[in-house]
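Coordinate analysis (summary)
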Amino acid sequence: MELEPKLVAFLASPMGQMLPLEHLTPQLMRDMLKQFPAPVLNPPVHAVRDLRVPGAGGELLVRLYTPSAARNLPLIVFFHGGGFVICNVGMYDDFCKFLANYSGCAVASVEYRLAPEAPFPAPLEDCYGALKWLAAHAAELDVDGTRLAVAGDSAGGNLATATTLLARDRGGPALRYQALFYPALDPACDSASAQALASGYLLTRDTMLWFWNHYLQNPADRTNALAAPLQANLAGLPPATVVTAEFDPLHDEGEAYADRLRGAGVEVIGRRYLGVLHGFASLPYVTVMAQRALADVGADLKTALSA
């Protein structure tokens, strides 16, 4: 297929023009995102509240979205994207509201520390620490700590996969599902799609390498399975949905991860969306495929976390 016409127009607009990040500092990139915020749809949701949760390096913000007044809802713990370097929970309000509404589950969005100030494994330990705290305090939050899933997009998809590994290897919390939107899993960025789609589709290979270089400051970390989950032993992980986008440099690593999960005996739903690019699920104001993907994954989570 060809890239959706509305996405072609988006790439030609000022919002779709990403400067070469090698010429920017992480803080400058964060400041630019604040100056030019994305449109907000603000879909209605039953309730939103901010929690302060102990993390590996101090207190973390966790934003809890509740789609209804129902008691004891299942809980999805969500980790946002941004290359481990940029973005925050506020930039994912629409995404998490849609996900809560489509899944019928509470969604807890974790504001983990960012690289390069807090490189690997600090953001991952924040994510795992938040998951543990939320599971332990489920009753007071009026969610069901026995019906837990993790989810994330891009770098957040990496953190979600690695959090499932820690939950398995450190004795919990028990997870029923993992939902991964175009996860970043290969620090080398040397897949066929990373080469073929290296530029021209919003996320570039050079940008992804810039992100990885800030996150993985020790060369040995590039072969650590918690940073590069394609190298992990995946046996015993929870069932998964893996979303990939046709025009995404990360397309092949997401599909390779889905195949590796299947090879380890893990049930996987692979959802490949055609005509779209990396990050499309965060662009509901550009493409109808954003809400379609969130509705599809929300349905997968609803089924997996049903009583």
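Next up on the list: the overall build of the protein. On a plain count of helices and strands, the protein comes out with 10 helices and 8 strands. Relative to a compact globule of 307 residues, whose C-alpha radius of gyration would be 19 Å, the protein shows 18 Å and is just as compact. Within the protein, the fraction of its 307 residues that count as buried is 56%. Put simply, 77% of the contacts in the protein that link residues at least 6 apart link residues at least 24 apart. Carbon and sulfur atoms provide 54% of the accessible area of the protein, an area that totals close to 12,100 Å². Charged side chains of the protein number 22 positive and 30 negative; the gap between the two group centres comes to 6 Å.

Let's shift gears to the nonpolar core. Ranked by size, the top nonpolar core spans 103 residues in total, and within it Leu75, Ile76, Phe79, Leu134, Tyr215 and Phe280 carry the most contacts. The contact partners of Tyr215, leaving out residues within four places of it in the chain, are Phe84, Ala115, Pro119, Phe120, Pro123, Leu124 and Leu159.

Within the secondary structure, Asp296 is located in helix H10 (residues 289-304). C-alpha of Asp296 to C-alpha of Ala184: the two residues are 112 residues apart in sequence and 21 Å apart in space. Excluding its chain neighbours within four sequence positions, the residues that come into contact with Asp296 are Arg271 and Tyr273.

This next bit is on the pairing of strand E8 (residues 268-277). Where strand E7 (residues 240-247) meets E8, 7 bridges bridge the pair, whose relative direction is parallel. The partner of Val242 across the bridge, within E8, is Gly270. The β-α-β motif built from E7, the intervening helix H9 (residues 251-263) and the parallel element E8 has right-handed crossover chirality.

Using the criterion set out here, one finds 0 disulfides in the structure. With no disulfide of its own, Cys96 lies closest to Cys87 among cysteine sulfurs, the gap being 12 Å. Here Cys127 is not cross-linked by a disulfide; its sulfur's nearest cysteine counterpart is in Cys96, at 12 Å. Cys127 gets classed as buried once you look at its relative accessible area, which sits at 0%.

Time to look at helix H4 (residues 122-136). With 15 residues, H4 should reach 21 Å at 1.5 Å per residue; the first-to-last C-alpha distance of 21 Å fits that figure. Those residues of H4 lying buried are Ala122, Pro123, Leu124, Asp126, Cys127, Tyr128, Gly129, Ala130, Leu131, Trp133 and Leu134.

Pairing within the open sheet is mixed, and its 8 strands lie in the order E1-E2-E4-E3-E5-E6-E7-E8. With partners counted over all chains shown, the strands left at the sheet margins are strand E1 (47-55) and E8, one partner each. The average undirected angle you get between the axes of adjacent strands in this sheet is 25°. The sheet contact formed by strand E5 (residues 143-153) and strand E6 (residues 177-181) spans 5 bridges and is parallel. Bridge pairing in E6 links Val150 to Gln178. Packed on one face of the sheet, helix H3 (residues 93-103) meets E1, strand E2 (58-66), strand E3 (73-79), strand E4 (106-111) and E6 and runs near 50° to E2. Taken strand by strand, helix H6 (residues 155-169) contacts E3, E5 and E6, and its axis lies near 135° from that of E5.

Let us look at unusual backbone geometry. Along the chain, Ala115 connects to Pro116 via a cis peptide bond; the corresponding omega equals 5°. Tracing the backbone shows Pro116 in the loop between E4 and H4. Omega for the peptide link from Phe120 to Pro121 comes to 5°, which places this bond in the cis form. Of note, Pro121 is situated in the loop between E4 and H4. A positive phi angle, near 35°, is found at Tyr182, a position not held by glycine. Residue classification places Tyr182 among the buried residues on the basis of a relative accessible area of 1%. Of note, Leu202 is a non-glycine position whose phi angle comes to about 75°, a positive value. Summarising the element assignment, Leu202 is placed in the loop between helix H7 (192-196) and helix H8 (205-215). For Leu202, a relative accessible area of 21% gives the class partly exposed.

Criteria and cut-off values
- Residues numbered from 1 in each chain as written.
- Predicted model: local features only at pLDDT ≥ 70, side-chain atom pairs only at ≥ 80, totals over all residues.
- Heavy atoms only, no water.
- Helix = DSSP H or I, 4+ residues; strand = E, 2+ residues; numbered from the N terminus.
- Rg over C-alpha atoms; globule rule 2.2 N^0.38 Å.
- Buried < 20%, exposed > 50% of the residue type's maximum accessible area, 1.4 Å probe, protein only.
- Contact = heavy atoms within 4.5 Å.
- Areas by Shrake-Rupley, 256 points an atom, 1.4 Å probe, with all protein chains shown as cover.
- Lys, Arg positive; Asp, Glu negative; His and termini not counted.
- Charge placed at Lys NZ, Arg CZ, Asp CG, Glu CD.
- Core = buried A, V, L, I, M, F, W, Y, C linked by side-chain atoms within 4.5 Å.
- Pairing = 2+ DSSP bridges.
- Right-handed = clockwise from strand over helix to strand, strands pointing away.
- Disulfide = S-S within 2.5 Å.
- Expected span 1.5 Å × (residues − 1).
- Axes fitted to C-alpha atoms, helices over the stretch in contact; angles between N-to-C directions.

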